[in-house]
Amino acid sequence: MTTDHEGIALLAGIMAEHGVRHIVISPGSRNAPVILAFARHPHIEALSVIDERSAAFFALGMAQQLKNPVALACTSGTAALNYAPAIAEAYYQKIPLLVLTADRPREWTDQGDGQTIRQKGLYAQYIRAGFELPQELHTPDDHWYAGRIINEAIHRTMHPVCGPVHINMPLTEPLYGTTADPPRGRVIRTSATTTSVEQNDLVWLTERWISARKKLLLAGMMYPDQRLNRLLSHIAMDQDTIILTETTSNLHDERFLPCIDRVVSTIREEEAERFRPELLVTFGGPVISKMAKSFLRKHPPQQHWHIDPTDLHLDTSQHLTQNIPVNPAVFFSQLDTGTVSDNAHEQSFSAVWRNRHEIASENHRYFLESCDYSDLKVFEAIIHAIPEDHRVQLGNSTPVRYAQLFGWPGRNACFSNRGTSGIDGTVSTAAGAARVSGEPTVLITGDLGFLYDSNALMSHHLAPHLKIIVINNSGGGIFRFIPGPDQTGLLEPFFETHHGWRMEHLAINFGVPYRYACNLREVKDHLAELFQPEKSVPGILEIKTPAAKNAELLRDYFKKLTEKKSE
Ligand SMILES: Cc1ncc(C[n+]2csc(CCOP(=O)(O)OP(=O)(O)O)c2C)c(N)n1
Ligand SMILES: [Mg+2]
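Residues numbered from 1 in each chain as written. Chains lettered and ligands numbered in written order. Predicted model: local features only at pLDDT ≥ 70, side-chain atom pairs only at ≥ 80, totals over all residues. Heavy atoms only, no water.

Q: How should helix H11 (residues 290–298) be read in this particular structure?
A: In an α-helix, one turn spans 3.6 residues; hence positions three or four apart end up facing the same way. Three or more residues of H11 are buried, namely Ala-292, Phe-295 and Leu-296. Seen end-on, H11 carries its buried residues on one side only, within an arc spanning 95°. Of the exposed residues in H11, those oriented more than 90 degrees away from the buried face are Lys-290 and Lys-298. Contacts from the buried residues of H11 go to strand E9 (215–219), helix H9 (260–264), helix H10 (272–275), strand E11 (279–283) and helix H13 (349–369). (Buried < 20%, exposed > 50% of the residue type's maximum accessible area, 1.4 Å probe, protein only. Helix = DSSP H or I, 4+ residues; strand = E, 2+ residues; numbered from the N terminus. Arc of directions from axis to C-beta. Contact = heavy atoms within 4.5 Å.)

Structure (C-alpha cells):
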C-alpha cells in the first residue's frame, strides 16, 4: 500500500528506479503522503529525524559518503526553512541532495493558514534546480509533466555538477488515503559523459607548464582519489614543482607538503620572492589555510590556473588567468609534464619549500615535546590515537585548523563542512556519514559546534561506530587567537561567548556513553578506550582545555616555528 496522492507515488517509484536508496523524513501532517510512500518502501530506506536542520545535515553526511543523491522530506512552513543551512553547504560542497518540501495548496499562501509560507523558490540561491509538482494529476499531461520533472530533478542532483535540487509539493487534503495500485512513471536515463581539455588548449598549457621554473600546486578539499594521487606523486618528483596539500584534500605522498600553515607562517617578507610561484595551480574545494591565501595574494603568481568541473571561478589568489573546467585527474593525465627534472639542486623551487618544511617540522616537534596541556597538545594526542581505518570529520573553527598543523600519520579520509564553514551541522553531518560509510567514523569538534548541533543526538540512527571528541575550551577559542576580538573589551561575552557548560547531561539524556578528560593522562587513557575495536556503541569524549592558555601557546608556537636553528 502507498499514498493515493499520485504525484508522490510517482516520485517514490522513479526515485527507486534511479537508485536513490535513502530518505530522511521529519514529522508532520502535510507530508503524510510522503511518509506513506516511503516509510515501508521496498528499495528506499526511510529514516525519521525530528529536527529539520539536523535532518538535512544528516542527509548531507550520508550523500557525502555515498556520492549518490539522498532525499529529505519535511512538512510545510518553517520546517522547510530549517533545511536552508545544509542546502547552502551541499551547494558549495557539491553534494547531491533531493529536497522534498510538502506545501499547502497554492491558493492558501498568505491567507493566515498555519504552517503556510512562500515555499516556491525558497532556496533559489543555493540549489542546482527547483521544481514544483502539480497539486493534482488530473490529465495525462499532468502525469507526463510530473514524471518528466521528477526525472530531471534527480538527474540535476548529479549533472553537470553535484548539488541540491528542490521539489516543492503542494498537497490537498485528504492526506492519509492509500492505494494498492499506484501509477508507474517513465524513467528517463542520462548517459555518463567525461569532459577533457581540447588539443589546442592542451598544447598551449603544456608549453607554459614546461617553461615555468617555479610551479606551486595547492590542493583543496576533495574525496580520496587514488588516480589523481598517483599522477601527482609523479609530478612531485619534478624539482621545479612543489605540491601543498590541505588535510581535506586526502592526498598522500612523502613528496607532498602537508601542514601548510606550519611552513607558510615562517616565510619572512624579505625572503618571500624565493617562495613565490611563477605558476600557481589550484584544484579541489575551498582552501582552509588563511596563511596560504594571504601569502599568494600578497606575492601573486604570473599565472594562476584553477582546475574544477564547476561553473564557479574560484579566484583564490585574485590573479586567476586560466579556468580549466575538467576533473583534476583528467587534466593531469592529459598534461605532458615533459621529463621530470629531479636533479636535486639546493636552490630548486621545491628544495626551497622542502628545506623550510624540514626546519619548521623540527621546530614543531621540539615545541610539542615541552608544550603544556592545551588544545594543541590534546590535538597531538588525538591524531596519534585515531586508528587508520577511521574516517575523520573535522569541526569548523579550530579543529579543522589544528588538523592542518599535524601531518596525519595514517591515511585517514578527512572531511569537513568547508563549503560554507558553519558550526551549525557538524555533529549531524558526522552522524549521517557514519550511518552509511560502513567504516568507523570519528568527529573532532569544538564545544560550541557540539552544543549548537547537539540535536543530532536526538536520533535513533546513531551508528555504533560513531565516536565524537568534543574539545571544550569554554567557548569559541578561535576568537582568542585571531587578531581583533581581544582589542574590543568584548571578547568573552560577545566573541568567545565564554561558558562553563559540560556535555555530560546531553549525552546521558540521549543515552550516548560519555567520558570526560581534563589532563593529558586522562586524554590518552580515554582515547585508547574510545577506539577499542570491540566497542559497539557510539561514544562521546569531552576534553576540557584551558581557554586563555590555548591562545597564548598557539601564538608562541607560531613564533617558535620561525626560529632559525640553521639554514
Ligand atoms: C552557523 C555559524 N554561526 C557562527 C559562526 C561563527 N563562528 C566561527 S568559529 C565560532 C566559534 C566556534 O566555537 P567552537 O566550536 O567551540 O570551536 P573553537 O573556536 O573553540 O575551536 C563561531 C561562533 C559560524 N562559523 N557558523
Ligand atoms: Mg570551543
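Q: Please clarify how the site of ligand 1 should be interpreted in this entry.
A: In the vicinity of ligand 1 there are 18 residues, among which Ser-397, Thr-398, Asp-447, Gly-449 and Gly-477 approach most closely. Gly-449 places a main-chain nitrogen or oxygen 2.9 Å from an oxygen atom of ligand 1. Separating an oxygen atom of ligand 1 from a backbone N or O atom of Ile-478 is a distance of 3.0 Å. Alone, ligand 1 offers 580 Å² of accessible surface; in the complex the protein occludes 75% of this. At the level of elements, helix H15 (398–405), helix H17 (447–452) and helix H18 (478–481) are the ones that each hand at least two residues to the shell around ligand 1. The dominant element in the shell around ligand 1, judged by the number of residues it contributes, is H17, at four residues. For the shell around ligand 1, a count of residues per class yields six nonpolar, ten polar and two charged. (Near = heavy atom within 4 Å. Polar contact = N/O pair within 3.5 Å; in protein donor to acceptor, adjacent residues only side chain to side chain. Areas by Shrake-Rupley, 256 points an atom, 1.4 Å probe, with all protein chains shown as cover. Nonpolar A, V, L, I, M, F, W, Y, C, P; charged D, E, K, R; others polar.)

Q: Just checking my understanding: could you explain the pattern of salt bridges for this structure?
A: Note that side chains of opposite charge can pair when their charged atoms are close. Going through the model one piece at a time under the given rule, you end up with 32 salt bridges. With a shortest N-O distance of 3.0 Å, Asp-110 and Arg-118 are connected by a salt bridge. Owing to a relative accessible area of 47%, Asp-110 belongs among the partly exposed residues under this scheme. In this structure Arg-118 comes out as exposed when scored by relative accessible area, which is 61%. Here Lys-377 ties to Glu-380 by a salt bridge, and the two come within 3.0 Å at their closest N and O atoms. Placement of the pair is Lys-377 and Glu-380 together in helix H14 (residues 375–385), with a separation of three residues, close to one helical turn. Given the relative accessible area of 11%, Lys-377 is considered buried. Several salt bridges converge on common partners, so that one network encompasses Arg-268, Glu-270, Glu-271, Arg-274 and Arg-356. (Salt bridge = Lys/Arg side-chain N within 4 Å of Asp/Glu carboxyl O.)

Q: Hey, could you run me through the coordination of the magnesium ion (ligand 2) in this one?
A: Expected angles at a metal are 109.5 degrees for tetrahedral coordination by four donors and either 90 or 180 degrees for octahedral coordination by six donors. Around the magnesium ion (ligand 2), the donor atoms from the protein are Asp-447 (OD), Asn-473 (OD1) and Gly-475 (O), and they sit 2.0 to 2.1 Å away. The sequence motif formed by the donor residues of the magnesium ion (ligand 2) is D-x25-N-x1-G. Of this pair, Asp-447 sits in helix H17 while Gly-475 sits in the loop between strand E17 (466–472) and H18; the two residues are 28 residues apart in sequence, bridging distant segments of the chain. For the residue pair Asp-447 and Gly-475, the accessibility class agrees, reading buried in each case. (Donors = N, O, S within 2.8 Å, 3.2 Å for Na, K, Ca; no water.)

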